[in-house]
Amino acid sequence: MAKFKLDEIDHQILDMLIDNTRIPFTDIAKKLLISAGTVHVRVKKMEEAGIIRGSSLTLDYKKLGYSFIAYVGVFLQNTSQTKFVLERINQIPYVTVAHITTGKFNIFCKIRAKDTMHAKEIIFLLDDIDGVYRTETMISLEESINDKKRLMHTIFNEL
């Protein structure tokens with residue numbers, strides 16, 4: 001698959017959409033001094049190329065009562081059980097991210113919970129999955145960096 005070429009206008013459109021996925025195309029057009037139709041066509045092309053895949057909503061989990069974050073490393077009895085274990089992990093809604101990893105853990109998960117008691121229940125659910133040998137948990141004291149925009153700017157500068 002050929003690499004899609006982004007120009008400066010595309011970068012500026014993406015930059016505004018990263019800041020606010022709900023910004024109207026007319027607002028983008030006014031800021032960039034182009035037509036709303038041009039914005040629409042460019043966004044559509046980036047969607048078709050797979051550069052833009054939907055849009056997302058950012059929730060304030062603290063306000064929803066889910067301020068506790070922990071990372072759980074999962075050790076498997078056998079790596080052949082990875083797919084089965086991931087299917088079971090996917091059934092636990094409080095596990096928001098799971099990666100197959102190299103190194104110490106077979107799978108590395110991020111969980112969101114109400115508090116330590118709730119986190120303990122989630123970790124016990126992970127421990128109870130057939131094929132899980134044991135888990136190791138690290139509690140997040142603070143999410144200090146969560147910035148998609150910095151990465152996007154770096155990628156844009158490399159293109």
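Residues numbered from 1 in each chain as written. Predicted model: local features only at pLDDT ≥ 70, side-chain atom pairs only at ≥ 80, totals over all residues. Heavy atoms only, no water.

- An unreviewed UniProt entry lists the protein chain under the name Transcriptional regulator, from Winogradskyella haliclonae.

Comments concerning the sheet that holds strand β1 (residues 68-76)
Consideration 1: Read from one edge to the other, the open sheet built from four strands follows the order β2-β3-β1-β4, with strand pairing classed as antiparallel. Of all the strands in the sheet, just β2 (95-100) and β4 (132-139) have a single pairing partner and so form its edges. Sheet twist, expressed as the average angle between the axes of neighbouring strands with direction ignored, equals 20 degrees.
Consideration 2: As judged from the seven bridges shared by β1 and β4, these two strands associate in the antiparallel manner. (Pairing = 2+ DSSP bridges. Helix = DSSP H or I, 4+ residues; strand = E, 2+ residues; numbered from the N terminus. Axes fitted to C-alpha atoms, helices over the stretch in contact; angles between N-to-C directions.)

Digging into the layout of surface pockets
Consideration 1: Of the volumes computed, that of the largest pocket is approximately 1400 Å³.
Consideration 2: As for the largest pocket, its lining consists of 37 residues, of which Ser-56, Leu-57, Thr-58, Asn-146 and Lys-148 are closest to the centre.
Consideration 3: For the lining of the largest pocket, the secondary-structure elements that each account for two or more residues are α1 (8-19), α3 (36-48), β2, β3 (107-113) and α6 (148-158).
Consideration 4: The greatest single-element share of the lining of the largest pocket, amounting to four residues, is contributed by α1.
Consideration 5: Split by residue class, the lining of the largest pocket holds 14 nonpolar, ten polar and 13 charged. (1 Å grid on protein atoms, 1.4 Å probe; cavity = no way out; pocket = protein on both sides within 12 Å on 5 of 7 lines; lining within 4 Å. Points joined across faces, edges and corners; volume = space filled by probe spheres on them. Nonpolar A, V, L, I, M, F, W, Y, C, P; charged D, E, K, R; others polar.)

Quick word on the pattern of salt bridges
Consideration 1: Using the criterion set out here, one finds seven salt bridges in the structure.
Consideration 2: For Asp-10, the salt bridge goes to Arg-42, with nearest N and O atoms at 2.9 Å. Note that Asp-10 is positioned in helix α1 and Arg-42 in helix α3, a separation of 32 residues in sequence.
Consideration 3: With a closest N to O distance of 3.0 Å, Glu-136 and Lys-104 form a salt bridge. Separated by 32 residues along the polypeptide, Glu-136 in strand β4 and Lys-104 in the loop between β2 and β3 bring together distant segments of the chain.
Consideration 4: Bridged by salt links that share partners, the residues Asp-7, Asp-10 and Arg-42 form one connected network. (Salt bridge = Lys/Arg side-chain N within 4 Å of Asp/Glu carboxyl O.)

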